[in-house]
Amino acid sequence: MTVNLMPENILPEENMQRVGIIDLGSNAARLVILHIHKDNSHHLIYAQRSSLRLSQRINKNGEITADAVKDILDAIQKFRHMCTLLQTTKVIGAATAAVRNAKNGNEIIARIKKETGLELDIISGETEAYYGYLGVINTIDEKNAILFDLGGGSIEIVLIRDRRAEHLVSLNLGTTNMTEKFKISDKMSSKNFREITAYIGQKMRKSFPWLKNSKLPIIGIGGTVRNVAKIYQRRVNYSYPKLHNYRLSSTQFNEVFNLLRNTNCEQRKKIPGLNSERADIILAGVTIINTLISIAKSKEFIISGCGLREGLFYDYYLHQLGRPVIIENILKESVENLMTFTVGRAAHSHKVSRLSEKMFTAWKPLHKLSDDDFKVLYIASALHDLGISINYYFHPRHSAYLIENAPLMGVTHREQIMAALVANWHNSISMKNLQRGIYKDFLSEKDIITARKLAVILAMAENLDFTETNAVKDISPDILADGRAVLGVAMNESLRIELDELSGNLDLFKKEFKTELVIRTSF
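Residues numbered from 1 in each chain as written. Predicted model: local features only at pLDDT ≥ 70, side-chain atom pairs only at ≥ 80, totals over all residues. Heavy atoms only, no water.

The number of helices and strands found in the protein is 21 helices and 15 strands. In terms of C-alpha radius of gyration, the protein reaches 26 Å, essentially the compact-globule figure of 24 Å for 523 residues. A buried classification covers 55% of the 523 residues belonging to the protein. Across the protein, the fraction of contacts at a sequence separation of at least 24, relative to all contacts at a separation of at least 6, is 70%. If you sum the accessible surface of the protein, you get close to 22800 Å²; carbon and sulfur atoms cover 47% of it. Positive and negative side-chain charges of the protein, numbering 68 and 57 respectively, have mean locations separated by a distance of 7 Å. (Helix = DSSP H or I, 4+ residues; strand = E, 2+ residues; numbered from the N terminus. Rg over C-alpha atoms; globule rule 2.2 N^0.38 Å. Buried < 20%, exposed > 50% of the residue type's maximum accessible area, 1.4 Å probe, protein only. Contact = heavy atoms within 4.5 Å. Areas by Shrake-Rupley, 256 points an atom, 1.4 Å probe, with all protein chains shown as cover. Lys, Arg positive; Asp, Glu negative; His and termini not counted. Charge placed at Lys NZ, Arg CZ, Asp CG, Glu CD.)

What follows is the structure in structure tokens.
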């Protein structure tokens, strides 16, 4: 399953790894390559997809056809070439339902090994469900949920309780094989709908007795899931391009479902947000999802952009580090990872983050903000200097853009946009920033007031580490009996640069917090 591809004449960064993950699925083959730095931070550097439609290319003997096998080998050979070009040190490969169910599946894996040198494992449905679970539980902050991974040849369903997988089940209900079985690539009549819904419902109730009336959030993985989200986002002119952790109510999902039900294939190809390649199999996909939501009586549908490939990576990466495969604090993990490989000033970022937390906690009676608001401050304080990697001048606006688009986990879209705005304001609060549509679309007047308060705290925290020389040993924020705020500052030296910077924000503090701030220093 793991292959060394590094050419002998190339000397990589010391202790560097590049891990390629190949997912040979029923609809497509995919490759992702992640770079693991010597400090153990990591990021995605490459992704490639090849459409195969293997579930539709099975002969009467239950074998994947010769033409399809040729296409598989061609795709994997291209993946291998890119892995070599990008100096990938390890490749982990998994084949799922189409190959798993094909009578010549083992023969195909053997030919891949012989002709490309890459070794892929045919994984069981339960193993596929497990890796999908790892990809989701380490990137979406939900303790209890129903997770499903819908592919072309199967659906994997996991019951998650207290972040643990209680049940992992796989069924041969996929977008492609259900399309073929019920002949709904073009239209789905009322009779078709009743038949496929009854068939899927019977299979699900028998295999997942714990699903009925669970009323848990539904988390979905797969191309159908992503296309549903894209369609709805286009319908409502959603101004944020992120799909991961996008949330639809069951009513909003039904809006998309009913739109698709009443179209033929050519009409669906013109629906904004729908990949035209998926227009022929989307009816089966959304019907499977609709049946799942109906049985569970779920009110919330959560889209995951992470799944099997991310699960394979986390399994490898965390085992390499000797860590549990379930990350305890996924937001902190993703923020620390991003900070480490991009900012290059981690000590300063950590200190600003610690100082921000102390002030936020001590002054809660003044600002009256919530723990969720602190999450926003944490992101902004840790990543406020991200934009320096682009250009020091105007770096707050660069930081804001990078935070908006960063792979942050365990955070809602609104919280991520809020954090970007706070980072944008950490040098000065300018209402001109709010002219950007993304802020106007996401943030209420109350959010703007909250962001201003958080930006003041962040600005002061950065003031207190302005020289990045640890001139400030510690701070003691508090509230005086007369309602004024006080900030005790223990200094290592008497140059007072940090204090001079801090004094420039006293008027802003008074404006936002409606009280004076008293500075008390000790050396």
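Scored by pLDDT, the protein comes out at a mean of 93, with 96% of its residues at no less than 70. Residue range residues 6–11 is modelled with pLDDT below 50. Its contacts to residues more than four positions away, or to other chains, number 6 contacts. (pLDDT = per-residue confidence, 0-100.)

The tally for this structure, following the rule as stated, stands at 17 aromatic pairs. Plain terms: the ring middles of Tyr238 and Tyr246 are 4.8 Å apart, the flat faces sit at 65° to each other, and that makes the pair edge-to-face. Residue Tyr238 is classed as partly exposed on the basis of its relative accessible area of 24%. On the accessibility criterion, Tyr246 (5% relative accessible area) is buried. (Phe/Tyr/Trp six-rings, centres within 6.5 Å; stacked < 30°, edge-to-face > 60°.)

So, on to empty space enclosed by the protein. Applying the stated rule across the entire model yields 2 cavities of 30 Å³ or more. Here the largest cavity defines a volume of roughly 360 Å³. Residue lining of the largest cavity: 30 residues in total, with Asp23, Arg30, Asp149, Leu150 and Gly151 positioned closest to the centre. Only β3 (28–36), β7 (145–150), α7 (223–235) and α11 (308–320) provide two or more residues apiece to the lining of the largest cavity. (1 Å grid on protein atoms, 1.4 Å probe; cavity = no way out; pocket = protein on both sides within 12 Å on 5 of 7 lines; lining within 4 Å. Points joined across faces, edges and corners; volume = space filled by probe spheres on them.)

Within the element layout of this structure, Arg247 appears in strand β11 (residues 246–249). Here Arg247 falls in the partly exposed class, since its relative accessible area comes to 27%. Along the chain, Arg247 and Ser294 lie 47 residues apart, while their C-alpha atoms are 17 Å from each other. Ignoring sequence-local partners within four residues, the contact set of Arg247 consists of Ile140, Glu142, Gln252, Glu300, Phe301 and Ile302. Of note is the side chain of Arg247, whose polar atom sits 2.9 Å from the side chain of Asn245. (Polar contact = N/O pair within 3.5 Å; in protein donor to acceptor, adjacent residues only side chain to side chain.)

For the rest of this paragraph, the subject is the pattern of salt bridges. Applying the stated criterion across every chain, the model contains 21 salt bridges. Taking the shortest distance from any N to any O, the salt bridge between Glu142 and Arg247 comes out at 2.8 Å. Placement of Glu142 in the loop between α4 (125–137) and β7 and of Arg247 in strand β11 is noted, with a sequence separation of 105 residues between them. In this structure, Asp474 engages Lys358 in a salt bridge whose closest nitrogen and oxygen atoms are separated by 2.6 Å. In this pair, Asp474 is assigned in strand β13 (residues 472–479) and Lys358 in helix α13 (residues 346–362), connecting sequence segments 116 residues apart. Through salt bridges with shared partners, a single ionic network connects Arg100, Glu128 and Glu156. (Salt bridge = Lys/Arg side-chain N within 4 Å of Asp/Glu carboxyl O.)

Now for the sheet that holds strand β14 (residues 485–491). One key point about sheets: their strands pair by backbone hydrogen bonds, in either a parallel or an antiparallel sense. As summarised here, the arrangement of the 3 strands in space is β13-β14-β15, forming an open sheet in which the pairing is mixed. With partners counted over all chains shown, the strands left at the sheet margins are β13 and β15 (517–522), one partner each. Sheet twist, expressed as the average angle between the axes of neighbouring strands with direction ignored, equals 20°. The sheet contact formed by β14 and β15 spans 6 bridges and is parallel. The residue bridging Leu487 from the neighbouring strand is Ile519, located in β15. Strands in contact with α13 are β13 and β14; relative to β13, the strand with the most contacts, it is inclined by about 20°. (Pairing = 2+ DSSP bridges. Axes fitted to C-alpha atoms, helices over the stretch in contact; angles between N-to-C directions.)

For helix α1 (residues 66–85), built from 20 residues, the straight-helix expectation of 28 Å at 1.5 Å per residue is met to within 8% by its first-to-last C-alpha distance of 29 Å. Among the residues of α1, Ala68, Val69, Ile72, Leu73, Ala75, Ile76, Phe79, Met82 and Cys83 are the ones counted as buried. At its buried positions, α1 is contacted by β2 (17–24), β3, β4 (42–51), β5 (90–95), α3 (105–116) and β6 (120–122). Backbone geometry just after α1 places Gln87 at a positive phi near 55°. (Expected span 1.5 Å × (residues − 1).)

This paragraph deals with the layout of surface pockets. Space inside the largest pocket adds up to approximately 1100 Å³. What lines the largest pocket is a set of 38 residues, among which Leu44, Cys306, Glu310, Pro407 and Met409 lie closest to the centre. Within the residue set of the lining of the largest pocket, elements represented by two or more residues are β3, β4, α7, α11, α12 (330–343) and α16 (395–405). Looking at the lining of the largest pocket, the element that brings in the most residues is α12, giving 7 residues. When its residues are assigned to classes, the lining of the largest pocket shows 18 nonpolar, 11 polar and 9 charged. Forming the boundary of the second largest pocket are 19 residues, of which Asn329, Leu331, Lys332, Lys375 and Tyr378 lie nearest the centre. Mapped by element, the contributors of at least two residues to the lining of the second largest pocket are α12, α13 and α15 (371–383). It is α12 that contributes the most residues to the lining of the second largest pocket, 5 residues altogether. When its residues are assigned to classes, the lining of the second largest pocket shows 6 nonpolar, 4 polar and 9 charged. (Nonpolar A, V, L, I, M, F, W, Y, C, P; charged D, E, K, R; others polar.)

Okay, the pairing of β2 next. The buried fraction of β2 is high, at 8 of 8 residues. Both faces of β2 are covered, namely the face carrying Gln17, Val19, Ile21 and Asp23 and the face carrying Arg18, Gly20, Ile22 and Leu24. Bridge count between β2 and β5: 6 bridges; the pairing is parallel. Each bridged residue has a counterpart across the sheet, and for Asp23 the counterpart in β5 is Ala94.

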